[in-house]
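Chains, contacts and geometry: an overview
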Amino acid sequence: IKADGSKEPFLYSGDAPTTQEIQSAIGGSIQAVPGKDAEWVLLVDEEGNRKDLPYNEAATDLVSPEYMQHNYSLRGTAVHLPSSLINKKIEVKYG
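Every chain begins its residue count from 1, and numbering advances along the sequence as written. Where local features are concerned, this predicted model is filtered to residues with pLDDT of at least 70; where side-chain atom pairs are given and counted, the filter is 80 or more; whole-chain, interface and lining totals use all residues. Side-chain numbers here rest on the full set of heavy atoms in the structure, without hydrogens or water.

Observations concerning the overall build of the protein
Within the protein, the secondary structure is distributed over three helices and four strands. Helix and strand assignments follow DSSP, with helices taken as H or I runs no shorter than four residues and strands as E runs no shorter than two, numbered in order from the N terminus. In sequence order, the protein lays out its α and β elements as α-β-β-α-α-β-β. Counting the 95 residues in the protein, one finds 38% classified as buried. Residue pairs in contact within the protein that sit at least 24 positions apart in sequence constitute 58% of those at least 6 positions apart. Total accessible area computed for the protein in this model is approximately 5700 Å², and 48% of it derives from carbon and sulfur atoms. Only protein chains enter the accessibility calculation, which uses a 1.4 Å probe; a residue is then buried when its area is under 20% of its type maximum, exposed when over 50%, and partly exposed in between. Here, two residues are considered to be in contact whenever any of their heavy atoms come within 4.5 Å of each other. Throughout, the Shrake-Rupley method with a 1.4 Å probe supplies accessible areas, and for residues the shown protein chains are the sole cover considered.

What about the environment of G5?
Tracing the backbone through its elements, the reader meets G5 in the segment before α1 (19–26). Spatially, the C-alpha atom of G5 lies 9.9 Å from that of Y55, the residues being 50 residues apart in sequence.

Let's talk about the side chain of E21
Within the secondary structure, E21 sits in helix α1. A distance of 2.8 Å separates the side chain of E21 from the side chain of S13, its partner in a polar contact. Side-chain atoms alone can form a polar contact between residues adjacent in sequence; in general such a contact is a pair of N or O atoms within 3.5 Å, and within protein one must be able to donate a hydrogen while the other accepts it.

Considerations on the environment of Q31
On the secondary structure map, Q31 appears in strand β1 (residues 30–34). When the C-alpha atoms of Q31 and V41 are compared, they prove to be 9.9 Å apart, with ten residues separating the residues in sequence.

Here it is, written out as structure tokens:
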């Protein structure tokens, strides 16, 4: 999900995406943000705010309400995936 709201498929090799594939799509280190549906997660650049990336309203709308209590907003490109695809081989910071 791009910051302008446009969407394109996230393609990856194998059964699950690699750290490098996700980093390439989002442009930085990976931060996982819980989705409204517990079976989904959004992956974003953990330094999106520091890099002053554009606000991503479409992705922010998919964030868990509990997480939003902290006035969190997603910035930059987000990858929206089933949480079952996130495994220990992917270097993720849970925020």
